[in-house]
Amino acid sequence: MVAALSAPPVTPAVLRERIAQLPRVSLAQLPTPLDEAPRFSAALGGPRILIKREDLTGLAFGGNKSRMLEFRIANALREGADCIINGAAVQSNDCRQTAAAGAKLGLKVYLVLKERRNRSDPHPQGNFLLDKLLGAEVITIGPDEAVSQQQVMTDLAERLRSEGHRPYLSLQDLHLWAVGYVDCFLEIQEQLAAMGVPAGYIYLTSGLMSQAGLVLGARATGSSMRILGICPSHHQPDSRERIASLATEAGHFLGLDISFSAGDVDNTDAYVGDAYGKPTPAGIEAIKLLARTEAILLDPVYSSKGMSGLMDHIRQGRIGKNETVVFVHTGGNPALFAYNQELMS
């Protein structure tokens, strides 16, 4: 905790000062642009659409995790870590950006990656290729293997400790992940104010950390912007509770007397399709439409599903033609190359 608990709202300046007190390493190119998308908006018949370009954070193709890593890696270094362990799916953006952060800072990175699909292509593609190029040591778990990914990571940490290393498990300290997106919310506020544009909505693809940070930033500063999350995987029974709990924990860490419940979280899994990691027709439509109107690329696993949700809400009339919406582009573009067959079929 960086300050005594205070009741929100607080000024953006106060909140930014509290974030500035935290250990942080410089990894991302910030602030990221807030770009107009006029041709994309016109193709949908309105509203005004602005895209927060978190795909341009600059760390090995960028993405939303770069901003979070500035706080996570700083905490690892503060604890004396000499290596990082992370784990997710084979095409994980977080793992790719963690590998890049390790390469930049001279920390060995170990990745435990779960393959969710049986593929005939024996050659690494997308994020998986980049993990290897960045020097991470990769352990893969096949789609039919019953072994627990978390157990593999725990066993690896124990082995590294026995060899005299000091590993840091990247999936801890989730409140620091959320703090990164409180920081992003403050950037969006500042950019909208500089443009003289009031926005009513922020849309993004998120199942936990990014939305928790944005929700916290909005509540803490008294903003009326609605934060709408499109989950890239099917909800667990406690999905909204987890986002609310993380936002509460991060708020307390930042010295805010604030709490959230599931009812404060607007997050839907209606645009997942068959499963996490499987592109949807609506997501592919979003990729092609944004590419062909604005030359901005979405990825097939995360950002395209969030954008397909925004497009559907616009077509349903849930956002007025004269309103303004911010779409947070969370990155992930290297995955495009791993899904070339689905995208071109």
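Just so it is clear, the model here is predicted, and its values are computed rather than measured.

(A) Seen up close, the pattern of salt bridges. Evaluation of the coordinates by the stated rule reveals 16 salt bridges. For the salt bridge of Arg 16 with Asp 183, the shortest nitrogen-to-oxygen distance reads 3.2 Å. Separated by 167 residues along the polypeptide, Arg 16 in helix α1 (residues 12–20) and Asp 183 in helix α7 (residues 174–195) bring together distant segments of the chain. The partner of Glu 285 in a salt bridge is Arg 315, with the nearest N and O atoms 2.9 Å apart. With Glu 285 in helix α10 (residues 281–294) and Arg 315 in helix α11 (residues 303–315), this residue pair connects regions lying 30 residues apart in the sequence. The class of Arg 315 is partly exposed, set by a relative accessible area of 48%. One continuous salt-bridge network, built from bridges that share partners, spans Arg 16, Arg 24, Lys 52, Glu 54, Arg 67, Glu 70, Asp 183, Glu 187 and Glu 190.

(B) Quick look at the environment of Asp 173. Here Asp 173 is to be found in the loop between β6 (167–169) and α7. Non-local contacts of Asp 173, meaning those with residues more than four positions away in its chain, are made with Asn 75, Glu 79 and Tyr 168. Of note is the side chain of Asp 173, whose polar atom sits 2.6 Å from the side chain of Tyr 168.

(C) Seen up close, the pairing of strand β4 (residues 108–114). In terms of burial, β4 is a largely internal element, 6 of the 7 residues being buried. Of the strand pairs in this sheet, strand β3 (residues 83–89) and β4 are connected by 7 bridges, and their pairing is parallel. Residue Ala 89 lies in a different strand from β4, and its bridge partner there is Lys 114. You can see the chain leave β3, run along helix α4 (residues 93–105) and come back into β4, and the turn it takes is right-handed. Pairing between β4 and strand β5 (residues 137–141): 5 bridges, direction parallel. Bridge pairing in β5 places Val 112 opposite Ile 139.

(D) Representation of the packing of α10 against α11. Two numbers describe how α10 lies on α11: the axes approach to 8 Å, and their chain directions differ by 90°. Judged by the angle between their axes, α10 and α11 are roughly perpendicular. Seen from α10, the contacting residues are Ala 282, Gly 283, Glu 285, Ala 286, Ile 287, Leu 289 and Leu 290; seen from α11, they are Ser 304, Met 307, Ser 308, Met 311 and Arg 315. Each residue belonging to the contact of α10 with α11 can be placed in one class, and the counts come to 7 nonpolar, 3 polar and 2 charged.

(E) Focus on the nonpolar core. Counting residues in hydrophobic clusters, the biggest one holds 46 residues, and the most contacted among them are Leu 192, Ile 202, Leu 216 and Leu 254. Of all the elements in the fold, those that place two or more residues in this core are α1, α3 (64–78), α7, β7 (201–205), α8 (209–221), α9 (239–253) and β10 (324–329). Counting residues per element, this core draws most heavily on α7, at 11 residues. Formed by 29 residues, the second largest nonpolar core is a distinct cluster that contains Ala 37, Ala 89, Leu 228 and Ile 287.

(F) Quick look at the packing of aromatic side chains. One pass over the full model with this rule turns up 1 aromatic pair. Plain terms: the ring middles of Tyr 276 and Tyr 302 are 5.8 Å apart, the flat faces sit at 80° to each other, and that makes the pair edge-to-face. Placement of Tyr 276 in the loop between β9 (266–268) and α10 and of Tyr 302 in the loop between α10 and α11 is noted, with a sequence separation of 26 residues between them. Tyr 302 sits in the partly exposed class, given a relative accessible area of 22%. Taking NZ or CZ as reference, Arg 72 lies 3.6 Å from the ring centre of Trp 177, over its face.

(G) Fine view of unusual backbone geometry. Of note, the amide linkage connecting Leu 30 to Pro 31 takes the cis form, showing an omega dihedral of -5°. Position of Pro 31 relative to the elements: it lies in the loop between α1 and β1 (34–36). A cis amide bond links Gly 46 to the next residue, Pro 47, at an omega of 5°. Inspection of the secondary structure assignment puts Pro 47 in the loop between α2 (38–44) and β2 (48–53). Even without being a glycine, Asp 173 presents a positive backbone phi close to 55°. At Ala 295, a residue that is not glycine, the phi angle is positive and equals roughly 55°. Classification of Ala 295 by relative accessible area gives exposed; the value is 67%.

(H) Representation of the state of the cysteines in the model. All told, the structure shown has 0 disulfides when counted by the stated rule. A disulfide-free cysteine, Cys 95 has its sulfur positioned 15 Å from the sulfur of Cys 83, the nearest such atom. Classification of Cys 95 as buried rests on a relative accessible area of 0%. Cys 231 forms no disulfide, and the closest cysteine sulfur to it belongs to Cys 95, at a distance of 17 Å.

(I) Here's a closer look at the sheet that holds β6. Taken in spatial order, the 4 strands of this open sheet run β5-β4-β3-β6, and their pairing is parallel. If you trace the sheet from one side to the other, it starts and ends with β5 and β6, each paired once. Strand-to-strand twist across the sheet, computed as the mean angle between neighbouring axes with direction ignored, equals 20°.

What counts as what
Residues numbered from 1 in each chain as written. Predicted model: local features only at pLDDT ≥ 70, side-chain atom pairs only at ≥ 80, totals over all residues. Heavy atoms only, no water. Salt bridge = Lys/Arg side-chain N within 4 Å of Asp/Glu carboxyl O. Helix = DSSP H or I, 4+ residues; strand = E, 2+ residues; numbered from the N terminus. Buried < 20%, exposed > 50% of the residue type's maximum accessible area, 1.4 Å probe, protein only. Contact = heavy atoms within 4.5 Å. Polar contact = N/O pair within 3.5 Å; in protein donor to acceptor, adjacent residues only side chain to side chain. Pairing = 2+ DSSP bridges. Right-handed = clockwise from strand over helix to strand, strands pointing away. Axes fitted to C-alpha atoms, helices over the stretch in contact; angles between N-to-C directions. Parallel < 35°, antiparallel > 145°, perpendicular 65-115°, else oblique. Nonpolar A, V, L, I, M, F, W, Y, C, P; charged D, E, K, R; others polar. Core = buried A, V, L, I, M, F, W, Y, C linked by side-chain atoms within 4.5 Å. Phe/Tyr/Trp six-rings, centres within 6.5 Å; stacked < 30°, edge-to-face > 60°. Lys NZ or Arg CZ within 6 Å of the ring centre and 35° of its normal. Disulfide = S-S within 2.5 Å.

Read these as spatial facts, not as claims about activity.
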